[in-house]
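# A closer look at the structure
So the chains spell out like this:
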Amino acid sequence: MIAGVITTCGVIAPATAWAQAFIYNQHQSRAARPKVIGDNHMLVQATEVDYDYNNSRISAVGNVQLFYNGTSVEADRVIYDQKTKRLHAEGNIRMTDADGKITYAEILDLSDDYRDGFVDSLRVDTADQTRMAATRADRSSGNYTVFENGVYTACAPCKDDPKKPPLWQVKGARIIHDQQEKMLYFETAQLDFFGVPIAYMPYFSTPDPTVKRKTGFLMPGFTSNTPFGYGVEIPFYWAIAPDMDATFSPRITSKQGVLFQAEFRQRLPDGAYQVRVYGIDQLDPGSLAGQPGDRQFRGAVDTKGQFALNDKWVWGWDGVLLSDYFFMSDYRLAQYKDPFGSIQSLPTEAISQLYLTGVGNRSFFDARAIYYLSYSGNQNRVPVVAPVIDYSNVINSPILGGEFSYKTNFVNLTRETALFDPITTLANTNSLCTTASADPMARLPSQCLLRGMPGTYTRLTAEAQWRKSYTDPLGQIWTPFASVRADAINADISNQPGVSNFLPVGDTQTVRLMPTVGLEYRYPFINVQPWGTTTVEPIAQVIIRPNEPGAGKLPSADAQSFVFDTSNLLAVDKFSGYDRVEGGSRANVGVQATTQFDPGGSIKGMFGQSYQMFGMNSFAVADVTNTGIDSGLQNPRSDYVASLDYSPNRTYTFSVRSRMDEATWNINRFEATASANFDGWSVAVTYGDYAAQPELGYLTRREGILTSGSVKMASNWVVQGAARWDLEANMINQYAFGAGFVDDCFVLAASYVSSYNYSVGSAPPVLNKTYLLTIGLRTIGVNSVNF
């Protein structure tokens, strides 16, 4: 008998490794140090080692540690039988394999190549935090392991009480692990929550925790909706190859039959794409009489992809094709991505597009053709954009000592039917808007707007800009700037009823030129105190340019949205798009103050006003959508605008935006937002108060509160919600809330969302209510119920 630390050396074949290791160790001195040479060599360490020559049996006793081929075994006692080539271990066994899987047991009996044997009273912990336990496990053929009275879970044990049952676990009279197929098969299984059985299954299978993707059935899903009744989805996942897969998700409905759903995905070296197809042969289309879904076959195709040409250029597409525009909403196929991650409404349209995008160090290019697919039935009023192209570039070298940049935009869009917007109670139908009249004033712009012109509209815009900043000895900053913009416009407007009241019909070509020169002045005053630094900066801007050519007489597609506030007070052109260009000479003045506190936090405020010095005021000229009218800029002296942002730390933020009448100081627009974000909860509140704007369709004052928040009730419980309260009508007209439990092994989420569905014509939107319940077990699957 030799006591102490003993080691192997030399090359030892795997089949006889245990025997040769023990034999060789008998001839080592007590002073030999542990060493491992090569992958097949073994290290044996124990308090004592005993060799029985008569029975060819070697025993290691006391704190035994064996290391071989990436696997280690720790035990109180280890016996190796040379005749049977079996390894027997007893007491406090811990075996760790090369993949990081740890097996704890009291008795272990295995062949020396680990292919066959049994383990009693075992527990297995894998590298991805899954766990199995059984009274006994038998291993055969180096592939199958059968766990008797097995338990499987992906939940960590309770830190305070490790013996406490995990949050969930699956028990089986037998659990069979097929290592080659990487599958777990459960026989006579039951699902426990906190040790209480809640579901029984005679048999089910799931990939083992090492599998990231594998062919097989996924967790079923349940949903319900009036058009199809109740439905159950049974998804089947097909791992076709390492770079492609497919999912088939037939939905069996109680009213309309089987809805076929399939998705194919492939990843290529330079990108990826996917295709989804839907189809159903409806059993009872008559239940949808009078609706677009009153047809036997309904279906859709949805595809998207993106590929890189090189490190700067990508191209891709999005495509949607529907049998009818209500198909997606009727079968609830286009809605919430994550029932507990974000609260969102049903979409009102889909986008089909083909695009090419390039990004350089100082340049940007984007070209795309877009087809908007309306879910509300107004397809003939939605434009087809083919194409829209944007390019911008900032020259790297100074020109005349300043920065020179240029940009271009090209757009071509076609609309089949005019889109009118009746904006008063008198014009509650389109009849007044479509009444033709030889008198242009008969269009009554305060009652109707032309949101979309029928026909084809093409515009090419090119603009070059130059600016340079000087700082004089007094610290004053002078920034002269100049730009020139040219637009070539062709409008082929269809002569549909009422259109001539807004725009000249027929084919019209226009060239629009807008040169601009200006000067911006800033004089920052800086005050440094022990508690922080304050900067007060008066700002003045003078812009000289001619009147806007063709103001109010040209189509406007991308410049219909406009809000005047401090964010665009100093903008040279305040319109939001290219279809309108600001003209006339203007002065913008304001003062900006910023304080940065040394302990952290900041406060920033701005106040200012804009003046029309001479020439025509573009914001006082009505166009087909009345953009700029009643915006606060329509008068020679604009409304006052102010803003204040305060962040005392990373937890709280406060902001206020306001626009006040320049004569009466009455508040025409006011917004205030406050938010707080703690470790356990977050909340955001926005208050809005907006004066009536009859020319834009807002006949009465609007006032409301939008709130959202989430609260972490416990370590894993979260409650969140959002609501919009209309203070004028004194009612909550839209809201959503949800609650859920989320941890490393289990997700339970329930949410309710109210949203609006928009129907054809002038019918009011209908409030849609959706309930969603999601249950997810890590490594097992996720199941959703939608109704």
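Here the structure is shown first, and the text comes after it.
The sections below set out a description of the structure shown in this document. Numbers given for residues are sequential positions, taken from 1 along each chain in its written order. Where totals are concerned, whole chains, interfaces and linings use all residues; where local detail is concerned, this predicted model gives features only for residues with pLDDT of at least 70, and gives and counts side-chain atom pairs only at 80 or more. Side-chain metrics rest on all non-hydrogen atoms present in the structure, leaving aside hydrogens and water.

Here the focus is the overall build of the chain. Check the secondary structure of the chain and you find two helices and 46 strands. Type-normalised accessible area, obtained with a 1.4 Å probe on protein chains alone, sets the label of each residue: buried when under 20%, exposed when over 50%, and partly exposed for intermediate values. For the chain, the proportion of its 787 residues judged to be buried stands at 42%. The contact criterion used throughout is that any non-hydrogen atoms of two residues lie within 4.5 Å. Long-range pairs, those at least 24 residues apart, make up 50% of the contacts in the chain with a sequence separation of at least 6. Exposure was quantified through the Shrake-Rupley algorithm and a 1.4 Å probe, taking into account, for residues, occlusion by the shown protein chains and nothing else. As presented, the chain carries roughly 38,900 Å² of accessible surface, and 58% of it is formed by carbon and sulfur atoms. Strands here mean DSSP runs of E at least two residues long; helices mean DSSP runs of H or I at least four residues long; both are numbered from the N terminus.

The next subject is the side chain of Ser-618. Tracing the backbone shows Ser-618 in the loop between β36 (602-614) and β37 (640-647). We define a polar contact as two N or O atoms separated by no more than 3.5 Å, with the added condition that, inside protein, one atom must be a possible hydrogen donor and the other a possible acceptor, whereas residues neighbouring each other in sequence contribute only through side-chain atom pairs. Engagement of the side chain of Ser-618 in a polar contact is seen with the side chain of Glu-548, the distance being 2.8 Å. In this structure Ser-618 touches Glu-548, Phe-575, Arg-580, Val-581, Glu-582 and Gly-583, once residues within four positions along its chain are discounted.

What follows covers a nonpolar patch on the surface. Only residues whose relative accessible area exceeds 30% and that form no salt bridge enter a patch; like-charged residues are grouped when within 9 Å of one another, and nonpolar side chains (Val, Leu, Ile, Met, Phe, Trp, Tyr) when within 5 Å. By convention in these notes, a salt bridge is any Lys or Arg side-chain nitrogen within 4 Å of a carboxyl oxygen on Asp or Glu. On the surface, Trp-681, Val-683, Val-685, Val-711, Met-713, Trp-717 and Val-719 cluster together into a nonpolar patch covering about 600 Å² of accessible area. Mapped onto the nonpolar patch, the elements with two or more residues apiece are β40 (681-690) and β42 (717-726). Here the nonpolar patch takes three residues from β40, the largest share from any one element. With respect to the helices, strands and loops of the structure, Val-711 is situated in strand β41 (residues 702-712).

A separate point is the pairing of strand β38 (residues 652-660). When DSSP finds two or more bridges between two strands, those strands count as paired. Strand direction decides the pairing type here: β37 and β38, joined by seven bridges, are antiparallel. Counted as the bridge partner of Ala-642 is Ser-658 from β38. What sits between the antiparallel neighbours β37 and β38 is a turn of four residues. Here β38 pairs with strand β39 (residues 667-677) via nine bridges, running antiparallel. Note on β39: the bridge partner recorded for Arg-657 is Glu-671. Connecting β38 to the antiparallel partner β39 that follows it, the hairpin turn spans six residues, and Trp-665 within it adopts a positive phi of roughly 65°.

This part covers the nonpolar core. By nonpolar core we mean a set of buried residues, namely Ala, Val, Leu, Ile, Met, Phe, Trp, Tyr and Cys, connected to one another through side-chain atoms within 4.5 Å. Membership of the largest hydrophobic core comes to 46 residues, with the highest contact counts inside it found for Leu-122, Phe-147, Trp-168, Phe-186 and Phe-746. Apart from residues no more than four positions distant in its own chain, Phe-186 is found in contact with Tyr-152, Val-170, Arg-174, Ile-175, Pro-202, Tyr-203, Phe-204 and Thr-206. One finds Leu-413, Leu-450, Met-453 and Tyr-457 within the second-largest nonpolar core, a separate group that totals 20 residues.

Moving on: the packing of aromatic side chains. Think of it this way: a Phe, Tyr or Trp ring, Trp meaning its six-membered ring, pairs with another when their centres are within 6.5 Å, and the plane angle makes it stacked under 30 degrees, edge-to-face over 60, tilted otherwise. Per the counting criterion, the structure on display carries 36 aromatic pairs. Three or more aromatic residues joined by ring pairs make a cluster, and in this case those are Phe-264, Tyr-273, Phe-307, Trp-315 and Trp-317. Each ring is checked for a lysine NZ or an arginine CZ that lies within 6 Å of its centre and within 35 degrees of its normal; such an atom marks a charge sitting over the ring. Between the NZ or CZ atom of Arg-251 and the centre of the ring of Phe-228, over which it lies, the distance is 5.2 Å.

Taken as a whole, this structure holds 33 salt bridges when the rule is applied. Between Asp-324 and Arg-298 there is a salt bridge, and its shortest N-O distance comes to 2.6 Å. Pair noted here: Asp-324 is in the loop between β22 (313-322) and α2 (327-330) and Arg-298 is in strand β21 (residues 297-308), with a separation of 26 residues, a long-range link. Of the two residues examined, Asp-324 and Arg-298, each falls in the buried class. When the shortest N-O distance is used, the salt bridge between Asp-689 and Arg-701 registers 2.8 Å.

Take the pairing of β37 next. One ladder, built from seven bridges, connects β36 with β37; its direction is antiparallel. Bridged to Gly-608 within β37 is Val-641.

Right, let's get into the environment of Ile-423. When you line up the elements, Ile-423 lands in the loop between β27 (419-422) and β28 (448-452). Along the primary structure Ile-423 and Leu-449 are separated by 26 residues, whereas in three dimensions their C-alpha atoms are 7.2 Å apart.

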